[in-house]
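Structure at a glance
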Amino acid sequence: MSKVWFVTGSSRGLGRNFVEAALSRGDKVAATARTAASLDELVAAHGDAVLPLEMDVTDKAAVFESVKRAKEHFGRLDVIVNNAGYAQIGAVEELTEQQLRDQMETNLFGAVWVVQAALPYLREQRSGHIVQLSSAAGVIAMPLGGAYHASKWALEGLNEALAGEVADFGVKVTIIEPGGFATRSGKNPDPLANGHMARTDPAYDGLRRRLGATAGKQPAGDPTAAAQALLELVDSDNPPLRVLFGQGFYPMIQQAYADRLRTWADWQNLSARAHGAPAVGTQRPATKEKDGR
């Protein structure tokens, strides 16, 4: 049975590849983009199988209206892909309030609006699959990516909670954590290399030079392969909550989690004392019995 998709950020990058892969196998897609003209080629190639929708994910009312139109047009919704987003680059000290708010409005709140708009339909039909594009940057963090990391780490927690909330309704949730992909929009293998740049402070120039010398070393993934992997995920009866797309960041993530576990273990005595308990591995001095023995 063919599926009906709702995909944000369909004009380019991985989102465009996801849409094309779904359409190519006979599925139907409500494809959204901030500019409808960017979807003209999809309509020309696939006709009524694609519903082009001009939508900015930061516009809550527009998101709800677009999801409603998609449901009314196709009669159901099966796969919701939250793909729209961008990376704000800059040291935490360099970020303006507006830059940080804009990052969260798009990457976090935009995804929330899509989920909230789609869930009533998915709950009613007691089926559906919400796919959240996070990033390898959603589980590890690097200097100069604080705003982007904050948005993706927030998405990770939000969707993990969501998965537990909607499971009883037959709705699945998968968080995809891609590394860098060589898309037609020119994405660099470095997941933070194509973002919006904050005004630089010379105090961080040395850090920028050091990071620049190592940036882009990860291999660029094939976006068409990623699209085929997504099709396999949404066809699975038991999809994972989290999955990496790409191998380059897996060793880094393994090391990051090992470091966290080791640090927590190394500081367990302090953790216990902070809770008012005796330090781990120690006992309270034996108390004397009432008779003084």
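Note that this is a predicted model, so its numbers are computed, not measured. (Residues numbered from 1 in each chain as written. Predicted model: local features only at pLDDT ≥ 70, side-chain atom pairs only at ≥ 80, totals over all residues. Heavy atoms only, no water.)

1. Points about the overall build of the protein
Cut-off, in case you're wondering: The helix count covers DSSP runs of H or I at least four residues long, the strand count covers runs of E at least two residues long, and both are numbered beginning at the N terminus. Burial here depends on accessible area, computed with a 1.4 Å probe over protein chains only, as a share of the maximum for the residue type. Under 20% is buried, over 50% is exposed, and the range in between is partly exposed. Between two residues, a contact is recorded if the distance between any of their heavy atoms is within 4.5 Å. Note on areas: Shrake-Rupley, 1.4 Å probe, and residue coverage restricted to the protein chains presented here.
For the protein, the count of helices and strands is 9 helices and 9 strands. Expressed as a percentage of its 293 residues, the buried residues of the protein come to 42%. Long-range contacts, defined here as pairs at least 24 residues apart, represent 68% of the contacts in the protein between residues at least 6 apart. Accessible area for the protein stands at about 15600 Å²; split by element, carbon and sulfur atoms hold 52% of it.

2. Side note on the confidence of the model for the protein
Note the cut-off: Confidence of the prediction at every residue is given by pLDDT, a number between 0 and 100.
Per-residue confidence for the protein gives a mean pLDDT of 91, with 89% of residues at or over 70. Taken together, the stretch residues 289-293 has pLDDT below 50 and engages in 1 contact with residues farther than four places along the chain or on a different chain.

3. Re the pattern of salt bridges
Selection rule: Salt bridge criterion: a side-chain nitrogen from Lys or Arg within 4 Å of a carboxyl oxygen from Asp or Glu.
Under the defined criterion, the tally for this structure stands at 12 salt bridges. Linking Glu177 and Arg242 is a salt bridge whose minimum nitrogen-to-oxygen distance equals 3.6 Å. With Glu177 in strand β7 (residues 171-178) and Arg242 in strand β9 (residues 242-245), this residue pair connects regions lying 65 residues apart in the sequence. The class of Glu177 is buried, set by a relative accessible area of 5%.

4. Looking at the side chain of Asp78
So the rule is basically this: Think of a polar contact as two N or O atoms within 3.5 Å of one another; within protein, one of them needs to be a possible hydrogen donor and the other a possible acceptor, and neighboring residues in sequence only count if both atoms come from side chains.
Topologically, Asp78 is positioned in the loop between α3 (60-74) and β4 (79-82). The class for Asp78 is buried, based on a relative accessible area of 10%. In this structure the side chain of Asp78 is engaged in a polar contact, spanning 2.8 Å, whose partner is the backbone nitrogen of Val4. Reaching out from Asp78, the side chain makes a polar contact with the side chain of Arg76 at a distance of 2.8 Å. Setting aside residues up to four positions removed in sequence, Asp78 forms contacts with Ser2, Lys3, Val4, Gln125, Gly128 and His129.

5. Regarding the pairing of strand β3 (residues 50-54)
When a strand is regular, its side chains alternate between the sheet's two faces. Applicable threshold: Strand pairing requires that DSSP identify at least two bridges connecting the strands. For crossovers, right-handed means that the path from the first strand over the helix to the second runs clockwise, given strands pointing away from the viewer.
Pairing of strand β2 (residues 28-33) with β3 involves 5 bridges; the strand directions are parallel. Across the sheet, Ala30 pairs through a bridge with Leu51, a residue of β3. Running through helix α2 (residues 40-46), the crossover from β2 to the neighbouring parallel element β3 is right-handed.

6. Here we look at the packing of helix α1 (residues 13-24) against helix α7 (residues 223-235)
Using the following cut-off: What counts as an axis is a line fitted to C-alpha atoms, over the stretch in contact for a helix, and the angles between N-to-C directions run from 0 to 180 degrees. An angle counts as roughly parallel when it lies under 35 degrees, as roughly antiparallel when it exceeds 145, as roughly perpendicular when it falls between 65 and 115, and as oblique in every other case. Helix crossings are classified by the rotation of the near helix relative to the far one: an anticlockwise turn of less than a right angle makes the crossing left-handed, while a clockwise turn makes it right-handed. Residues are grouped as follows: nonpolar covers Ala, Val, Leu, Ile, Met, Phe, Trp, Tyr, Cys and Pro; charged covers Asp, Glu, Lys and Arg; every other residue, Gly included, is treated as polar.
Running from N to C, α1 and α7 cross one another at 55 degrees; their axes reach a closest spacing of 9 Å. With respect to their mutual orientation, α1 and α7 come out oblique. Regarding α1 and α7, the two cross each other, and that crossing is right-handed. Touching Leu14, Asn17, Phe18, Ala21 and Ala22 of α1 are Pro223, Thr224, Ala226, Ala227, Gln228, Leu230 and Leu231, all from α7. Across the contact of α1 with α7, the residue classes break down as 9 nonpolar, 3 polar and no charged.

7. A few points about the nonpolar core
So the rule is basically this: Nonpolar core, defined: a set of buried Ala, Val, Leu, Ile, Met, Phe, Trp, Tyr and Cys residues in which side-chain atoms within 4.5 Å join the residues together.
Ranked by size, the top nonpolar core spans 30 residues in total, and within it Phe6, Leu77, Ile80, Leu119 and Ile130 carry the most contacts. Residue assignment for this core shows that the elements contributing at least two residues are β1 (4-7), β3, α3, α4 (97-125), α5 (146-166) and β7. With residues up to four places along the chain from it excluded, the contact list for Ile130 reads Ile80, Val115, Leu119, Leu122, Asn159, Leu162, Val171, Lys172, Val173 and Thr174. With 26 residues, the next largest nonpolar core counts Ala21, Leu39, Leu133 and Phe245 among its residues.

8. Topic: the packing of aromatic side chains
Any two aromatic rings considered together are summarised by their centre-to-centre distance and by the angle between their planes. The condition that has to hold: For this analysis, a ring pair means two rings from Phe, Tyr or Trp (six-membered ring only for Trp) whose centres lie within 6.5 Å, classed as stacked if their planes differ by under 30 degrees, edge-to-face if by over 60, and tilted for the remaining angles. In this scheme, the term charge over a ring applies when either NZ of a lysine or CZ of an arginine sits within 6 Å of the ring centre and within 35 degrees of the ring normal.
By the definition in use, this model includes 1 aromatic pair. With centroids separated by 5.8 Å and ring planes inclined at 40 degrees, the aromatic side chains of Phe109 and Trp113 adopt a geometry described as tilted. In this pair, Phe109 and Trp113 are both assigned in helix α4, 4 residues apart and thus about one turn of the helix distant. When the ring centre of Phe169 is taken as origin, the NZ or CZ atom of Arg123, which lies over that ring, is 5.8 Å away.

9. Observations concerning the sheet that holds β9
If you trace the 7 strands from one edge of the open sheet to the other, you get β3-β2-β1-β4-β6-β7-β9, paired in parallel fashion. In this open sheet, the two edge strands, each paired with only one partner strand, are β3 and β9. In this sheet, adjacent strand axes meet at a mean angle of 20 degrees when their direction is disregarded. By the bridge criterion, 4 bridges tie β1 to β2 in an arrangement that is parallel. Counterpart to Val4 in the pairing with β2 is Lys28. Sheet strands in contact with α3 are β1, β2 and β3, and its direction is about 160 degrees off that of β3.

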